[in-house]
Amino acid sequence: MPNDRVLTQEEIDGVFRSMKKQEPTEVPQKSAQPYDFRRPDRIAKDQLRAIHLLHENFSRSLSSSLSAYLRAYVAVNLVSVEQLSFAEFTQCLPSPSCMISLKMKPYDGNSLLEINPSLVFPILEMLLGGAGKGMSKVSREVTEIEQSILESIFRIILNDLKTAWAVVTPIEFTVDTHETEPQMLQMLAPNEAVVAISMEARIGDNAGMMNMGIPSITVKMLRQKFDQQWSMRRAHSSEHDQAKVLRLVQNSRLELDARLRGPTMTFGTLMELEPGKVLMFDYPTEREIDLVMNGRVKFKTQIVAQGRKRAAKLCEAFVERDFVPLRE
């Protein structure tokens, strides 16, 4: 005999509660972020961008300094700024090459500056009175005599590098040792991170790379100084920044109006005007009128004639604190 009993709402709710208790509770999985223990000194991307801008300024300054010293056109352009392990950085360097280890007083640790042979030997020829042509294919070690001749070039490079970093912190770059083989460098452990800065230099028909490696742990110590420098840069723009902004806005269009701001009347009075009535503007011709720029009073002017046209002669400029929007 079939069971025609109907379940109550409480019994139905009890069945669902018992089923929920039997279901295994799933632990939500936490998203894991990868961490490379071999490179603990990686720095933030915003700091890399700051270093990129810093060495762009260094490249422009070095172009002018080397051009004046060598009496030839030298173009130095920043190619890249990235983080690499010291082993990866040295593997990218040619062998043999001209490399110098740099002390960074007052900070611990050394940085590395490498100049490709395709640049070194044309520079040497120019320093010795030659034209520096046809020397880009020479690939051999730099001798001690040639290293002493290059000291003047190193001084110019390090002086411009010191000037570029001075906006962040005073650093005295000095030559510590000379090397010719990247495999012989023992400055850092292979897994330590460095900020690798690559620049391309062109001297006449010759072109080559200049590479610099700065320990990331040293750059990371300067994080606060970078933040202070860029905050000050935002607060006090330099003449170069102002000139750059001027170049961007000089082709923009402005609306200029020279207006007689005399008495006002109500709309009702305007509607009562009839032919024959006279309006008194009460505005003498010698009184200055306002020159309005994009809705703001910018100058005090006088109405004059320029040939057959009317014009406005500038008499007085408003300072920024006196700018007031024009009330319609």
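Owing to the predicted nature of the structure, the values given are computational and were not obtained by experimental measurement.

A.B. asks: So what exactly am I meant to see when it comes to the pattern of salt bridges here?
C.D. replies: When the charged atoms of two side chains with opposite charge come close together, those side chains can pair. For the coordinates displayed, the defined rule picks out 4 salt bridges. Among the ionic pairs, Glu146 bridges to Arg140, the shortest N-O distance being 2.7 Å. Residue class for Glu146 comes out buried when judged on its relative accessible area of 14%. For Glu200, the salt bridge is made with Arg202, and the minimal N-O distance between the two is 3.6 Å. On the basis of relative accessible area, Arg202 is assigned to the partly exposed category, the value being 41%.

A.B. asks: Help me understand the packing of aromatic side chains, please; the structure alone is not making it clear to me.
C.D. replies: For any pair of aromatic rings, the description rests on two quantities: the centre-to-centre distance and the angle between the ring planes. Considering all chains together, one arrives at 0 aromatic pairs under this definition. Just above the ring of Phe299 sits the side chain of Lys298; from NZ or CZ to the centre is 5.7 Å.

A.B. asks: Is there a simple way to think about the sheet that holds strand β4 (residues 172-179) in this case?
C.D. replies: Two strands in a sheet stick together by hydrogen bonds in their backbones, pointing the same way (parallel) or opposite ways (antiparallel). Spatially, the 6 strands line up as an open sheet ordered β1-β5-β6-β3-β2-β4, and their pairing is antiparallel. Each edge of the open sheet carries a strand with a single partner, namely β1 (74-85) and β4. Here the average twist between neighbouring strands, direction ignored, is 20°. Pairing of strand β3 (residues 107-115) with strand β6 (residues 206-215) involves 4 bridges; the strand directions are antiparallel. Bridging across to β6, Leu113 finds its partner in Met212.

A.B. asks: What am I meant to see in helix α2 (residues 45-70) here?
C.D. replies: Since the α-helix advances by 3.6 residues per turn, residues separated by three or four positions end up pointing in the same direction. Look at α2: 36 Å from first C-alpha to last across 26 residues, which is about the 38 Å you get at 1.5 Å a residue. Positive backbone phi, approximately 55°, marks Arg71, located one or two places after α2.

A.B. asks: Just to check I follow, could you spell out the sheet that holds strand β9 (residues 296-306) for this structure?
C.D. replies: The 4 strands lie next to each other as β7-β8-β9-β10, forming an open sheet whose pairing is antiparallel. Pairing within the sheet leaves two strands with one partner each, and these edge strands are β7 (256-259) and β10 (309-317). Shown here is a sheet whose adjacent strand axes are inclined to one another by a mean of 40°, direction ignored. With 4 bridges connecting them, β7 and strand β8 (residues 289-293) associate as antiparallel partners. Across the sheet, residue Leu256 finds its bridge partner in β8, namely Met293.

What counts, and where the lines are drawn
- Residues numbered from 1 in each chain as written.
- Predicted model: local features only at pLDDT ≥ 70, side-chain atom pairs only at ≥ 80, totals over all residues.
- Heavy atoms only, no water.
- Salt bridge = Lys/Arg side-chain N within 4 Å of Asp/Glu carboxyl O.
- Buried < 20%, exposed > 50% of the residue type's maximum accessible area, 1.4 Å probe, protein only.
- Phe/Tyr/Trp six-rings, centres within 6.5 Å; stacked < 30°, edge-to-face > 60°.
- Lys NZ or Arg CZ within 6 Å of the ring centre and 35° of its normal.
- Pairing = 2+ DSSP bridges.
- Helix = DSSP H or I, 4+ residues; strand = E, 2+ residues; numbered from the N terminus.
- Axes fitted to C-alpha atoms, helices over the stretch in contact; angles between N-to-C directions.
- Expected span 1.5 Å × (residues − 1).

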